[in-house]
Amino acid sequence: MAKMTLDDKLGVDRFKVDEHNAHIIVDETYNNIDEINRLIMACPAGLYSYNDGKVDFNYEGCLECGTCRVVSLGKVIKSWSYPRGPLGVEYHHG
Ligand code: SF4
């Protein structure tokens, strides 16, 4: 059996996206690049990026691990909560 890559493993999870309520709110204008880079490196799903002077974030692939909350609440992260049930990530083994 071939070894699964991280993308393979993430690909078997299911996401029920709350299209009307983001469960994580970011400050797109935050401009401390060291703090932003720390957040980019910390998110295991790779959901943060910095483009044209703005923080880009897409909550749709969130794994609900809470890492960004620990790293940057009150800085880039303005608010963090779990998605409303039964929405959010649903883990599956490959
Ligand atoms: S909770 Fe985890 S997966 Fe979701 S955005 Fe934060 S660091 Fe990324």
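In the block above lies the structure referred to throughout.
A. Broad picture of the site of the ligand. Around the ligand, the surrounding shell holds 14 residues, and the nearest of these are Cys43, Cys62, Leu63, Cys65 and Cys68. Counted by class, the shell around the ligand contains 11 nonpolar, 2 polar and 1 charged residues.

B. Here's a closer look at the packing of aromatic side chains. This model, assessed by the stated rule, comprises 2 aromatic pairs. Taking 4.5 Å as the distance between ring centres and 20° as the angle between the ring planes, the aromatic pair formed by Tyr48 and Phe57 counts as stacked.

C. How the structure looks around the pattern of salt bridges. Inspection of every chain in the model, using the stated rule, returns 5 salt bridges. Salt-bridge contacts for Glu35 lead to Arg38; the nearest nitrogen and oxygen are separated by 2.6 Å. Highlighted residues: Glu35 and Arg38, both in helix α2 (residues 33-42), separated by 3 residues, approximately one helical turn. Glu35 gets classed as buried once you look at its relative accessible area, which sits at 4%. A single salt-bridge network, built from bridges that share partners, covers Glu35, Arg38 and Lys75.

D. Structural detail: the side chain of Asp13. Mapping Asp13 onto the fold places it in the loop between α1 (6-11) and β1 (14-16). Buried charge Asp13 goes without a salt bridge, the closest partner of opposite sign being Arg14 at 7.1 Å. Beyond its immediate stretch of four places on either side in the chain, Asp13 contacts Leu63, Val89, Glu90, Tyr91 and His92.

E. Examining the environment of Thr29 more closely. Along the chain, Thr29 turns up in the loop between β2 (24-26) and α2. Each C-alpha atom, one on Thr29 and one on Lys54, is 5.6 Å from the other, the two residues being 25 residues apart in sequence. In this structure the side chain of Thr29 is engaged in a polar contact, spanning 2.7 Å, whose partner is the side chain of Asp27.

F. Representation of α2 in the model. When we look at burial in α2, the residues that qualify are Glu35, Ile36 and Leu39. Viewed end-on, α2 has its buried residues packed into an arc of 100°, placing them on one side of the element. Projecting away from the buried face of α2 at angles above 90 degrees are the exposed residues Asp34 and Met41. Where α2 is buried, its residues contact β3 (48-51), β4 (54-57), α3 (67-72) and β5 (77-80). Its side-chain oxygen 3.0 Å from the backbone nitrogen of Asp34, Asn32 forms the N-cap of α2.

What counts as what
Throughout, residues of each chain are indexed from 1 in the direction in which the sequence is written. Residues qualify for local features only when their pLDDT is at least 70, as the model is predicted, and side-chain atom pairs are given and counted only at 80 or more; totals for whole chains, interfaces and linings, by contrast, use all residues. To obtain the side-chain values, all non-hydrogen atoms of the structure were used and water was disregarded. Near residues are defined by distance, with any heavy atom within 4 Å of the molecule or strand qualifying the residue. Residue polarity is assigned by list, with Asp, Glu, Lys and Arg as charged and Ala, Val, Leu, Ile, Met, Phe, Trp, Tyr, Cys and Pro as nonpolar; anything else, Gly included, falls into the polar class. Stacked, tilted and edge-to-face are the three classes assigned to paired rings of Phe, Tyr and Trp, where Trp is represented by its six-membered ring and a pair needs centres within 6.5 Å; plane angles under 30 degrees give stacked, over 60 edge-to-face, the rest tilted. Any Lys or Arg side-chain nitrogen located within 4 Å of an Asp or Glu carboxyl oxygen qualifies as a salt bridge. For the purposes of this entry, the term helix denotes a DSSP run of H or I that reaches at least four residues, the term strand denotes a run of E that reaches at least two, and both are numbered from the N terminus. Exposure is judged per residue with a 1.4 Å probe applied to protein chains only, and the accessible area is read against the type maximum: over 50% gives exposed, under 20% gives buried, and values in between give partly exposed. The charge count includes Lys and Arg as positive and Asp and Glu as negative, but it does not include His or the ends of the chains. Contacts were defined at the residue level, with two residues in contact if any of their heavy atoms lie within 4.5 Å. Here a polar contact is taken to be a pair of N or O atoms separated by no more than 3.5 Å, where protein atoms must pair a possible hydrogen donor with a possible acceptor and residues adjacent in sequence count only if both atoms sit in side chains. Working note: the arc is built from the helix axis to C-beta atom directions.

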